[in-house]
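Here's the letter readout for the chains.
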Amino acid sequence: MLCLFDLDGTLIDSEIGILGCVRYALTQLGVAHPAHLRHWIGPPLRHSFAPLLDHDHDRIEQAVDYYHERFHAIGWREHTVYPGIAPMIERLQAAGHTLAVVTSKPERHARPIIEHLPFGSAFSRLYGPDPSSAHSEKATMIAAALEDFGAEPQQTVMIGDRHFDIDGAVANRVQGIGVLWGFGSRAELEKAGAHALARDPEHLATLLAA
């Protein structure tokens, strides 16, 4: 089976790094920080910055540049691997599954994170959106993975914590498994049409072995 993994909120808890970069960008632009920022994790940056910056294209691009400036310097290191992920990945490898990452992070930001993960070599490919895109592009990236691996939709699964992951799976007629330890909610994942929900990484490995 081809197992496509989201990164933030699925393999790693990257809240500190992502929100630190969001706050840095807003500070540089002299914009007050919203009290609640956790929902920023998952959607494309431009989508989230837009309402705070009056949908001003130039200011949005400035904010994204500031975000990337801090992320490139230190933000990419500010994460932890969720408990149970490493043995789950090992179990999937041992079962002969093919693993890849499909993330909303630009590839240049995601690659160093994956390369520094203790199990990073388990992933055959990394798919990230064009840095200039204002869209999630999960559906497009999943389609690219199906083509690259020559995989059938019924033999493919997309695993993630937000509706963007499940939306991309549904668009490509692949199974979408929602994980409950990330930044999304059970209601969000169910509404998007998740094929199944995993309560922890061990449960996820069991679902994929079924």
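Structure: above.
The rules behind these values
- Residues numbered from 1 in each chain as written.
- Predicted model: local features only at pLDDT ≥ 70, side-chain atom pairs only at ≥ 80, totals over all residues.
- Heavy atoms only, no water.
- Buried < 20%, exposed > 50% of the residue type's maximum accessible area, 1.4 Å probe, protein only.
- Helix = DSSP H or I, 4+ residues; strand = E, 2+ residues; numbered from the N terminus.
- Pairing = 2+ DSSP bridges.
- Contact = heavy atoms within 4.5 Å.
- Core = buried A, V, L, I, M, F, W, Y, C linked by side-chain atoms within 4.5 Å.
- Polar contact = N/O pair within 3.5 Å; in protein donor to acceptor, adjacent residues only side chain to side chain.

(A) Quick peek at the pairing of strand β1 (residues 2-5). Taking every second residue as pointing to the same face, both faces of β1 are buried, with Leu2 and Leu4 on one and Cys3 and Phe5 on the other. Relative to strand β4 (residues 98-102), β1 runs parallel, the two being bridged by 4 bridges. Looking at the pairing, Leu2 lines up with Thr98 of β4.

(B) Molecular detail of the environment of Leu92. Among the structural elements, Leu92 can be located in helix α4 (residues 85-94). Leu92 sits in the buried class, given a relative accessible area of 2%. Sequence-wise, Leu92 and Leu117 are 25 residues apart; in three dimensions their C-alpha atoms are separated by 16 Å. Those residues in contact with Leu92, other than ones at most four positions away along the chain, are Phe5, His97, Leu99, Ala205 and Leu208.

(C) Just the nonpolar core, in detail. Core analysis: the largest hydrophobic core is formed by 52 residues, its most contacted members being Phe5, Phe49, Ile89 and Leu204. Per-element tally for this core: the top contributor is helix α1 (residues 15-28), with 6 residues. The contact partners of Ile89, leaving out residues within four places of it in the chain, are Phe5, Leu11, Leu99, Phe119, Ala122 and Phe123. Core analysis: the second largest hydrophobic core is formed by 13 residues, Ala100, Ala145, Ala151 and Met158 among them.

(D) Molecular detail of the side chain of Thr103. Note that Thr103 resides in the loop between β4 and α5 (107-116). A polar atom in the side chain of Thr103 sits 3.0 Å from the backbone nitrogen of Lys105.

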